[in-house]
Amino acid sequence: DTANAVATVIYTHALPPNVAVMWSGFWNFAGVAVSTGAVAFGIVSLLPVELILQVGSDAGFAMVFALLIAAIIWNLATWWLGIPASSSHTMIGSIIGVGVANALLRGRDGTSGVDWGKATEIGYSLLLSPVFGFALAGMLYLVLRFLVRKPELYAEPKGNRPPPLWIRAILIFTCTGVSFFHGSNDGQKGMGLIMLILIGTVPTAYALNRAMPETHTLAYQQATAGAVTAMQPFVKAAAAADVRADLTDYVRTRKATDTTVASFQKLALDISDQVARHGTLGKLPADAVQNVRNDMYLASETARFMVKTHGTGMDAGSEAKIEAYRKVLDQSTKFIPTWVKIAVAVALGLGTMVGWKRIVVTVGEKIGKTHLTYAQGASAEIVAMATIGAADGLGLPVSTTHVLSSGVAGTMAANKSGLQIATLRNLLMAWVLTLPVAILLSAVLYALFRQIF
């Protein structure tokens, strides 16, 4: 769906297609390069913790293949039909499907396989962003009509003639912004999946950020000591015999038991001892890397839910120290190597080069009953750029496809141009069907791959 970023600039002839695609590819790359990884790991955290901890096992590989193949099938199907569908919705649906299938295969209620709190948060961002896109783009277009009374801004593209220079500059600017924020948000979904694959297949190199300096080790030890001390008044019983199983159950159910706090303390101290024994993460022996990474991930998820649910009765000061400990843990496990960012950026650029024509025609001619004008294209892209940028700052995924196409629809409605019901029906169907289809596809594929591997 990267083609959405170049749809208006190509359709209005502000840039030739080959130049627009290369320009958009460059700014997608820039967006990917500066991204924090918050969206990537926010999506990954939807997966059941037991699968994340077994990412190099048969269950882990079944998970990764089910996610990838389900997402690819639906994305290709909607692209072939020329429907601007959302890869964000597809990815979230695939993850939920794996989580539900994993829970059912383990004899549990399907609702226990997903972090539904996080899923709901992401769901709101995916569902509400098109509504914002429609309303804000329509309002912006009306404001533009009131303030800028230049008829050429509200004209349709004529033949292959480019627009006046000042309009061209606006359209190129908005294309640049959407491309940049598309890379910084949508690009992270691919990064999160690639990191899962790398952690499962090459844990020695990628399970931990082994480039962390010695100063980080000192900060980590201090954060551990602060968190362990903060937990002490809330210990109700001795740690469980198997602290990892105890905490995995807590993360899965979000229900604390008398042993939860003590088990968390013990795991935190165990990790700290292993890191201290070797000085830095870079000096950990290869056979210990995967286990330390799993322990850190489990400790981080435990800390996240302790603070989020307030389930252990801790005061705000103690929870703040646990949150600080979680952030230091995440610096060691939630990182994206530069080459992964480059690979994702190249994939976004290549996808745009292959698939732009179908999407450009849909956005330009098939949403409204009249062709897209320069002002409508600029209004829709400015709103898309702002919406995606805001979501990126909050670490939430949004659909570039739906924000932009709903923005175009909003400007058509504001201009009283009329909307093509057939296209809107297809867009709405893709919007409504993507989640259930992706959930079903990935669940079936996960069950199948569990039998194969």
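Each remark here, short or long, concerns the structure printed above.
Residues numbered from 1 in each chain as written. Predicted model: local features only at pLDDT ≥ 70, side-chain atom pairs only at ≥ 80, totals over all residues. Heavy atoms only, no water.

Draft legend 1. Up close: the layout of surface pockets. As a volume, the second largest pocket reaches approximately 510 Å³. In terms of lining, the second largest pocket is formed by 18 residues, of which the most central are A38, G42, R326, D330 and K334. If you list the elements that add at least two residues to the lining of the second largest pocket, you get α3 (38-44), α7 (116-147), α14 (286-309) and α15 (316-333). Top contributing element to the lining of the second largest pocket by residue count: α15, with four residues. Tallied by class, residues from the lining of the second largest pocket come to three nonpolar, six polar and nine charged. (1 Å grid on protein atoms, 1.4 Å probe; cavity = no way out; pocket = protein on both sides within 12 Å on 5 of 7 lines; lining within 4 Å. Points joined across faces, edges and corners; volume = space filled by probe spheres on them. Helix = DSSP H or I, 4+ residues; strand = E, 2+ residues; numbered from the N terminus. Nonpolar A, V, L, I, M, F, W, Y, C, P; charged D, E, K, R; others polar.)

Draft legend 2. Structural detail: the packing of aromatic side chains. Within this structure, the stated rule accounts for 10 aromatic pairs. Taking the centre distance of 6.1 Å and the plane angle of 80° together, the rings of Y141 and Y154 count as edge-to-face. With Y141 in helix α7 and Y154 in the loop between α7 and α8 (165-185), the pair connects residues that are 13 residues apart, well separated along the chain. Taking the relative accessible area as the measure of exposure, Y154 reaches 15% and is therefore buried. Sitting over the face of the ring of F146, R149 holds its NZ or CZ atom 5.4 Å from the ring centroid. (Phe/Tyr/Trp six-rings, centres within 6.5 Å; stacked < 30°, edge-to-face > 60°. Buried < 20%, exposed > 50% of the residue type's maximum accessible area, 1.4 Å probe, protein only. Lys NZ or Arg CZ within 6 Å of the ring centre and 35° of its normal.)

Draft legend 3. Seen up close, the nonpolar core. Core analysis: the largest hydrophobic core is formed by 70 residues, its most contacted members being M63, F264, M296, I322, Y325 and Y446. Among the elements that line this core, the one with the most residues is α14, at 10 residues. Filtering out sequence-adjacent residues up to four positions away, F264 remains in contact with M231, L247, A299, T302, A303, M306, I322 and Y325. Counting residues in hydrophobic clusters, the runner-up holds 35 residues, among them V6, Y154, V363 and A380. (Core = buried A, V, L, I, M, F, W, Y, C linked by side-chain atoms within 4.5 Å. Contact = heavy atoms within 4.5 Å.)

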